[in-house]
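Chain by chain, the residues run as shown.
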Amino acid sequence: MDVESKLALILRYPTEEILTVEELRELLQVGYRLNHYIGFEISGFIHIGTGIVSMSKVVDLQKAGVRTQVLLADIHSWLNNKLGGDLETIRRVAVTYYVETFKKIIEALGGDPDATRFVLGSDLYHHNDEYWLLLMDITRNLTLSQVRHSLTILGRKMGESIPLAYLVYPPLQVADVFALSAHIPHGGIDQRRAHILARQVADKIRFYPMEVNGRRIKPVALHHRLLPALNISTKPSSKEELSEMKMSKSIPQSAIFVHDTPEDIRQKVARAYCPPREVEYNPVLELLRISVFREERKEPFVLRRPQQYGGDIEAWSYEEVEAMYREGKIHPADLKNATAEALITLLEPVRRYFQGPGAKLLEEMKNITITR
Ligand SMILES: Nc1ncnc2c1ncn2[C@@H]1O[C@H](COP(=O)(O)OP(=O)(O)OP(=O)(O)O)[C@@H](O)[C@H]1O
Ligand SMILES: N[C@@H](Cc1ccc(O)cc1)C(=O)O
């Protein structure tokens with residue numbers, strides 16, 4: 001595959017930005033085998049945002065010849081008090097439910113589940129002096145104000161009473177980028193600030209220096225679009241606010257989980273925020289886009305509609321659907337029906353897994369307290 005085709009795969013939807021495209025092009029031109037990573041906190045059931053949106057980019061990267069890695073961020077989850085702050089439970093869930101679910105999703109999206117490396121955070125740090133020196137070196141090269149700036153709105157508002165753990169978290173996340181030699185750190189756009197820190201220290205640290213053919217490089221950050229929560233009730237006023245309004249696994253009513261039944265999906269989509277003609281931050285349109293317009297279509301998508309409302313509509317691209325919706329030619333109820341059915345089809349293999357061999361994992365998860 002030539003460089004421009006690889007670049008097109010990496011840049012296509014749901015990618016929102018790459019810092020920077022020029023740097024990525026150069027790295028691809030060198031022909032060096034690049035590493036990627038995306039990290040997840042272990043905090044509850046996997047939803048379409050973390051599962052389908054993130055993994056669809058992982059599959060694109062696999063196809064572009066990049067070595068992909070998923071970090072199961074157990075220590076970070078514990079720092080953030082996820083799953084009741086019980087580290088043992090966090091680890092068990094990470095290496096069972098999380099790994100198996102991600103593998104099933106990668107397969108359902110047309111990727112190779114065995115081509116992605118899964119790394120448990122604490123395994124990466126175990127007996128690893130180089131890692132601790134790297135972490136200390138990162139803190140030597142960052143200021144409090146830089147770290148504060150990288151926090152969520154909530155963290156920044158806490159002032160002096162902020163738990164110290166929240167300030168330790170960003171340098172830890174930055175260390176992961178280098179400890180995993182991830183030339184392409186990836187996440188939703190809400191991870192941007194952490195990746196900027198990584199770029200700021202890249203040429204200063206002495207441990208795990210990131211080099212390609214003997215030349216120091218900055219990690220090239222890749223950010224995908226965030227799927228809004230189903231239950232938002234207004235448009236976010238900024239990108240920052242969208243991060244607070246994303247579909248989130250610790251807010252179950254905001255999310256469609258990858259194991260949800262067809263009936264759950266129909267009900268959740270039917271209740272979702274979807275104002276007529278509104279195409280920005282519309283979770284239903286976004287769900288349709290990820291479900292049926294990720295790949296170039298070989299046949300048109302058919303949006304079923306009763307004869308009395310004008311009959312079926314055909315579309316080859318997401319842009320066509322978006323334009324028709326903006327012009328009021330598609331009613332929210334018809335969009336919701338079509339989206340629910342498309343999602344049900346996409347998730348079918350994952351659901352089948354959880355009805356069969358994965359049922360035990362799901363049962364175990366249901367008995368675990370999910371905390372935010
Ligand atoms: N709604 C979403 N759409 C797209 N990507 C998402 C979404 N939610 C999380 N991600 C991405 O998944 C990765 C892991 O995020 P994270 O583990 O915080 O998920 P979360 O659902 O927000 O969990 P929690 O509710 O525990 O904070 C990040 O890169 C994040 O940007
Ligand atoms: N910060 C990510 C999780 C994460 C943790 C460690 C990393 O190295 C990367 C990502 C989140 O908000 O969910």
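With an unreviewed UniProt entry as reference, the protein is termed Tyrosine--tRNA ligase, source organism Pyrobaculum ferrireducens. Entered under Catalytic activity (unreviewed entry) in the UniProt record, the comment concerning the protein runs "tRNA(Tyr) + L-tyrosine + ATP = L-tyrosyl-tRNA(Tyr) + AMP + diphosphate + H(+)".

Asker: I'm lost on the packing of aromatic side chains in this one. Help?
Answerer: Each aromatic ring pair is characterised by the separation of its centres together with the angle its planes make. This structure, assessed with the given rule, holds 11 aromatic pairs. On the numbers, 4.3 Å between centres and 25 degrees between planes, the contact of Tyr 125 with Tyr 131 is stacked. A relative accessible area of 7% means that Tyr 125 is categorised as buried. Pairwise contacts between aromatic rings join Phe 40, Phe 45, Tyr 97, Tyr 98, Phe 102, Phe 257, Tyr 353 and Phe 354 into one cluster.

Asker: Just checking my understanding: could you explain the domain arrangement of the protein for this structure?
Answerer: The accessible area lost on association of the parts is a frequent measure of interface size. By domain assignment, the protein separates into domain 1 (3-224) and domain 2 (239-366). With 33 residues of domain 1 at the contact, the number on the domain 2 side is 31 residues. When domain 1 packs against domain 2, the two sides together hide about 3000 Å² of surface, and 68% of this comes from carbon and sulfur. The largest share of the area that domain 1 buries against domain 2 comes from Tyr 13, Phe 45 and Ile 48, three residues that together contribute 27% of it. Linking domain 1 with domain 2 are 4 salt bridges, by the criterion used here. The salt bridge partner of Glu 295 is Lys 63, with a shortest N-O separation of 3.6 Å. The tally of links from domain 1 across to domain 2 stands at 7 residue pairs in polar contact (both at pLDDT 80 or more). Those elements that provide at least two residues to the side of domain 1 that touches domain 2 are helix H3 (48-63), helix H5 (87-108) and helix H9 (153-157). Per-element accounting of the side of domain 1 that touches domain 2 gives the leading share, 10 residues, to H5. Counted by class, the side of domain 1 that touches domain 2 contains 14 nonpolar, 8 polar and 11 charged residues.

Asker: Would you take a moment to explain the site of ligand 2 for this structure?
Answerer: Ligand 2 sits among Tyr 37, Gly 39, Glu 41, Leu 71, Ala 73, His 76, Tyr 169, Gln 173, Asp 176 and Gln 191. Separating an oxygen atom of ligand 2 from a side-chain N or O atom of Tyr 37 is a distance of 2.7 Å. Breaking the shell around ligand 2 down by element, the ones donating at least two residues are strand E2 (36-41), strand E3 (68-73) and helix H10 (164-179).

Asker: Honestly, the site of ligand 1 in this entry has me stumped. Any pointers?
Answerer: Neighbouring ligand 1 are 23 residues; Ser 43, Asp 190, Ser 248, Lys 249 and Ser 250 lie closest to it. Within the side chain of Ser 43, one N or O atom sits 2.5 Å away from an oxygen atom of ligand 1. In this structure, Met 247 approaches ligand 1 through a main-chain N or O atom, which is 3.0 Å from a nitrogen atom. Relative to its unbound accessible area of 590 Å², ligand 1 is 94% covered by the protein chains. Of all the secondary structure elements, the ones that give two or more residues to the shell around ligand 1 are E2, H3 and strand E5 (184-188). Broken down by element, the residue count for the shell around ligand 1 peaks at 4 residues, all from E2. Its residues placed into classes, the shell around ligand 1 shows 5 nonpolar, 12 polar and 6 charged. Each of domain 1 (3-224) and domain 2 (239-366) accounts for three or more of the residues forming the shell around ligand 1.

Asker: What's the story with the sheet that holds E2 in this structure? I'm lost.
Answerer: Here 6 strands make up an open sheet; going across it, the order is E1-E8-E5-E2-E3-E4 and the pairing mixed. Looking along the sheet, the strands with just one partner apiece sit at the ends: strand E1 (15-19) and strand E4 (116-120). Sheet twist, expressed as the average angle between the axes of neighbouring strands with direction ignored, equals 25 degrees. The pairing of E2 with E5 spans 3 bridges and is parallel. Bridge assignment links Ile 38 to a residue of E5, and that residue is His 186. Together, E2, E3 and E5 form the strand contacts of H10, whose direction differs from that of E2 by roughly 145 degrees.

Asker: What am I meant to see in the pattern of salt bridges here?
Answerer: Charged atoms that come close allow side chains of opposite charge to pair. In this structure the tally under the stated criterion is 29 salt bridges. Notably, a salt bridge pairs Arg 266 with Glu 341, separated by 2.7 Å at the nearest N-O pair. With Arg 266 in helix H13 (residues 262-271) and Glu 341 in helix H16 (residues 332-355), this residue pair connects regions lying 75 residues apart in the sequence. Relative accessible area serves as the criterion here: at 33%, Arg 266 is assigned to the partly exposed category. You can call Glu 341 partly exposed: its relative accessible area is 35%. Across the pair Arg 289 and Glu 319 runs a salt bridge whose closest N-O atoms are separated by 3.8 Å. Here Arg 289, found in helix H14 (residues 283-292), pairs with Glu 319, found in helix H15 (residues 318-326); they are 30 residues apart in sequence, far enough to count as distant. The class for Arg 289 is buried, based on a relative accessible area of 15%. Sharing partners across several salt bridges, the network here consists of Arg 12, Lys 57, Asp 60, Lys 63, Arg 294 and Glu 295.

About the criteria used
- Residues numbered from 1 in each chain as written.
- Chains lettered and ligands numbered in written order.
- Predicted model: local features only at pLDDT ≥ 70, side-chain atom pairs only at ≥ 80, totals over all residues.
- Heavy atoms only, no water.
- UniProt positions renumbered as here; feature names shortened; annotations may be inferred.
- Phe/Tyr/Trp six-rings, centres within 6.5 Å; stacked < 30°, edge-to-face > 60°.
- Buried < 20%, exposed > 50% of the residue type's maximum accessible area, 1.4 Å probe, protein only.
- Domains from an automatic or database assignment.
- Contact = heavy atoms within 4.5 Å.
- Buried area = accessible area lost by both parts, 1.4 Å probe.
- Salt bridge = Lys/Arg side-chain N within 4 Å of Asp/Glu carboxyl O.
- Polar contact = N/O pair within 3.5 Å; in protein donor to acceptor, adjacent residues only side chain to side chain.
- Helix = DSSP H or I, 4+ residues; strand = E, 2+ residues; numbered from the N terminus.
- Nonpolar A, V, L, I, M, F, W, Y, C, P; charged D, E, K, R; others polar.
- Near = heavy atom within 4 Å.
- Areas by Shrake-Rupley, 256 points an atom, 1.4 Å probe, with all protein chains shown as cover.
- Pairing = 2+ DSSP bridges.
- Axes fitted to C-alpha atoms, helices over the stretch in contact; angles between N-to-C directions.

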